[in-house]
Amino acid sequence: MRKVFSYLKAYRVAIGAALFLTLLELGVELLQPLIMAKIIDDGILKSDLSVVKFWGIVMFSLALAAFAAGIANSFFSAHVSQNYGFDIRRLVFEKVQSFSFVNFNKFPASSLITRMTNDVTQLQNTVFMSLRIMLRAPLLLAGGVIMSLIVNWKLAMVLVVALPFLLVFLKWVLNTAGSMFRDVQDKLDGVNRVMRENLMGMRLIKAFLRRDFEKDRFEQASVDLKVRTVSSLRLIEVSIPVLLFVMNIAILFILWFGSRQVNFGTIEVGEVVAIVNYSFRISSVLTIISFIIMAFSRAKASAQRIGEVLDTEVDLIEAAGADRSLLLKQGAVEFKDVSFSYPESDVPVLKNLSFSVKSGETLAILGSTGSGKTSLFQLVPRLYDVTAGEVLVDGKNVNEYPIETLRKGIGVVPQEAVLFTGSISENIGWGKEGASQNEIISAAKDAQIHETVEKLPNQYDTRVGQRGVNLSGGQKQRLSIARALVRKPKILMLDDSTSALDLKTEAKLLKALRTYSCTTFIITQKISTAMEADRILLLDDGAVEAWGTHEELLKNSPLYVRIVQSQFGEEDFQHVKGFKQTSST
Ligand code: ATP
Ligand code: MG
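Residues numbered from 1 in each chain as written. Chains lettered and ligands numbered in written order. Predicted model: local features only at pLDDT ≥ 70, side-chain atom pairs only at ≥ 80, totals over all residues. Heavy atoms only, no water.

An unreviewed UniProt entry lists the protein under the name ABC transporter ATP-binding protein, with Fictibacillus phosphorivorans given as the organism. Taken directly from UniProt, the Subcellular location (unreviewed entry) text for the protein runs: "Cell membrane". (UniProt positions renumbered as here; feature names shortened; annotations may be inferred.)

Take a look at the structure:
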């Protein structure tokens, strides 16, 4: 948390200026009663108009100076708080960009959004308030005690004794309220999560008539937030009477002790009155301090939440010895006895996989849902690291490559197409920095989306709506294939990316892919697609059930034969390319 506030250091000059201006305002505030007393005692009571005039002008000038100082202070406070917020937001954003998948599992998107918006705003407001007014309260508090000590130090000792109790109590409130407000922010995450899911799933909610259910879900999150906020605020409100109670007891002591001293003749009545007066001032300042504490508690909670993001260790780091000069040339891939389980679970998802794909070859991966196909894909660009074994690219372990080199050489088409708000050509060009329009069009042609794009109202400049709402499933898939192709990758990985394509379009696409000199992985459910590949890997529950050519699998894998039969029907099955023996199943 301290680290989050340390980013204020960059603005120390402006902060210094703001604080100096506050002191100026405070000084005027403290001087005014003295000047007032002078005007009354030496001017009005003695009927001396020149004194009234002189001190009147002094007072007016000071008021003017305080006014100017106030405005200048606002300027500096706004400058510091806005820039600080900007810096923090940028830092968090950059950090999140460097997150690995494991990191992302720890922070849900809705929580990251709250942290980058609401939490930063809380910090910003507190910094602004601190610079603008917060210094005045503690200074008035300290000033009151010091002035009392000057007036009569013996009597003022009552205040000196009461102060530590007040400070300890204030610290307790600060800590307790801090953790309560942390909870408030977490509940705010909850509200944002429901809202986000709701907005993203609006079409589904309408189609399933789940409006009332979603309304209840939102209300529940909203009530949680309200209840938590109310109880946090209550703590602050209750703390004010406690503070005033302690101060009132101190004042009673001062009166009792003071009156005895007056009787003994060791103290003036005026001195007692003055110290009681300062005590009342301190009491009123304590009320303000409670509100300051509330602001600080919130800021503390927010700073903690932001600190958590900034302090997250990005675990997928480049090996210290990563060879910067290493290039990904051929794109041959080999899995050597690879096992994998997701970091947050012990369940093995992939078990002792061994297979290899030569440069330029195509490997089709088949397997029932949940058999680990997508998981296998993620290991090549190191979105996750293997638990055991090795993934080799061009004969070198993937973690010997600088991550950038590795990922630049790989074109991934995810199972669910992800598109960004922007034009079609921006979405395709996103795959390669500085891609030319020709490269974009040629990638679109190979991905079999060019003709479709040409028919759109603004062709390549047509806007893609949020997450591609205005496109069909197959169009989104092909756009995301084009985005991978524009990279001219050495390794192309298609995760069930042709599922929404009709057979004819798919065949054209596969034909076009053959013109690319890249190693291709295709996850597919269709035997007809798998048959086109050089080799097929059949996964069953995370283990290699069979690996080889279509013909080899027909001979060696009863499971493969069963899949072929189920997709082609018994009769066509007899004519399937390369099938020479009668089925053993
Ligand atoms: P499908 O054909 O449905 O896409 P798949 O073969 O791609 O399936 P994977 O996504 O690789 O399957 O999932 C394999 C197993 O890993 C599943 O049992 C799944 O529950 C588990 N799994 C997937 N992602 C995670 C994750 N982030 N954390 C923990 N377990 C996961
Ligand atoms: Mg999958």
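Peer 1: Can you explain the overall build of the protein? Please cite residues and give values.
Peer 2: Along the backbone of the protein there are 20 helices and 12 strands. The buried share of the protein, taken over its 585 residues, is 44%. Long-range pairs, those at least 24 residues apart, make up 76% of the contacts in the protein between residues at least 6 apart in sequence. Total accessible area on the protein stands at roughly 30,800 Å², and carbon and sulfur atoms take up 61% of it. Taking the 65 positively charged and 58 negatively charged side chains of the protein as two groups, their mean positions are separated by 5 Å. (Helix = DSSP H or I, 4+ residues; strand = E, 2+ residues; numbered from the N terminus. Buried < 20%, exposed > 50% of the residue type's maximum accessible area, 1.4 Å probe, protein only. Contact = heavy atoms within 4.5 Å. Areas by Shrake-Rupley, 256 points an atom, 1.4 Å probe, with all protein chains shown as cover. Lys, Arg positive; Asp, Glu negative; His and termini not counted. Charge placed at Lys NZ, Arg CZ, Asp CG, Glu CD.)

Peer 1: Which residues make up empty space enclosed by the protein, and what are the values?
Peer 2: A water-sized probe, rolled over the atoms, reveals where empty space remains. Taken as a whole, this structure holds 1 cavity of 30 Å³ or more when the rule is applied. In this structure, the largest cavity encloses a volume near 40 Å³. The wall of the largest cavity is formed by Ile424, Ile449, Thr452, Val453, Leu456, Leu471, Gln475 and Leu479. The set of elements that each furnish at least two residues to the lining of the largest cavity consists of helix H15 (450–455) and helix H16 (473–485). Looking at the lining of the largest cavity residue by residue, the class counts come to 6 nonpolar, 2 polar and no charged. (1 Å grid on protein atoms, 1.4 Å probe; cavity = no way out; pocket = protein on both sides within 12 Å on 5 of 7 lines; lining within 4 Å. Points joined across faces, edges and corners; volume = space filled by probe spheres on them. Nonpolar A, V, L, I, M, F, W, Y, C, P; charged D, E, K, R; others polar.)

Peer 1: Got a sec to walk through unusual backbone geometry? Specific residues and values, please.
Peer 2: Positive phi, close to 45°, is recorded for Asn352, a residue that is not glycine. The topology assignment puts Asn352 in strand E2 (residues 350–357). Accessibility expressed as a relative area gives 49% for Asn352, which makes it partly exposed. We note that Lys488 has phi near 50°; this positive angle belongs to a residue other than glycine. For Lys488, the position within the fold is in the loop between H16 and strand E9 (491–495).

Peer 1: Requested: an account of the nonpolar core, with residues and values cited.
Peer 2: Counting residues in each nonpolar core, the largest one holds 39 residues, and the members touching the most others are Ile254, Ile282, Leu286 and Ile289. Every element with two or more residues in this core is listed here: helix H6 (136–151), helix H7 (153–200), helix H9 (211–264) and helix H10 (269–311). It is H7 that provides the largest number of residues to this core, a total of 15 residues. Excluding residues that lie within four positions of it along the chain, Ile282 makes contacts with Leu141, Gly144, Val145, Leu159 and Met247. (Core = buried A, V, L, I, M, F, W, Y, C linked by side-chain atoms within 4.5 Å.)

Peer 1: Before we move on, could you go through the coordination of the magnesium ion (ligand 2) and cite the residues and values that matter?
Peer 2: Around a metal, the ideal angle is 109.5 degrees if four donors adopt a tetrahedral arrangement and 90 or 180 degrees if six donors adopt an octahedral arrangement. Here the magnesium ion (ligand 2) is held by Thr374 (OG1) and Gln415 (OE1), and the distances to it run 1.9 to 2.3 Å. A residue pair is termed long-range when its members are at least 10 positions apart, and Thr374 in helix H11 (residues 373–379) and Gln415 in the loop between strand E6 (410–413) and strand E7 (422–423) qualify at 41 residues. (Donors = N, O, S within 2.8 Å, 3.2 Å for Na, K, Ca; no water.)

Peer 1: Go over the sheet that holds strand E4 (residues 388–393) with me, naming the residues and quoting the values.
Peer 2: If you trace the 4 strands from one edge of the open sheet to the other, you get E2-E1-E4-E5, paired in antiparallel fashion. What marks the edges here is a single partner per strand, and that holds for E2 and strand E5 (396–397). Two elements, E4 and E5, share 2 bridges in a ladder whose sense is antiparallel. By the bridge assignment, Val393 is partnered in E5 with Lys396. (Pairing = 2+ DSSP bridges.)

Peer 1: Tell me about the sheet that holds strand E12 (residues 543–548), residues and numbers included.
Peer 2: With respect to topology, 6 strands assemble into an open sheet ordered E6-E9-E10-E3-E11-E12, the strand pairing being mixed. Looking at which strands have only one partner, the edges of the open sheet turn out to be E6 and E12. Between one strand axis and the next, the sheet turns through 15° on average, direction left out of account. Both E6 and E9 contribute to a ladder of 4 bridges, which runs parallel. Each residue of the ladder has a partner; that of Val412, found in E9, is Met493. (Axes fitted to C-alpha atoms, helices over the stretch in contact; angles between N-to-C directions.)

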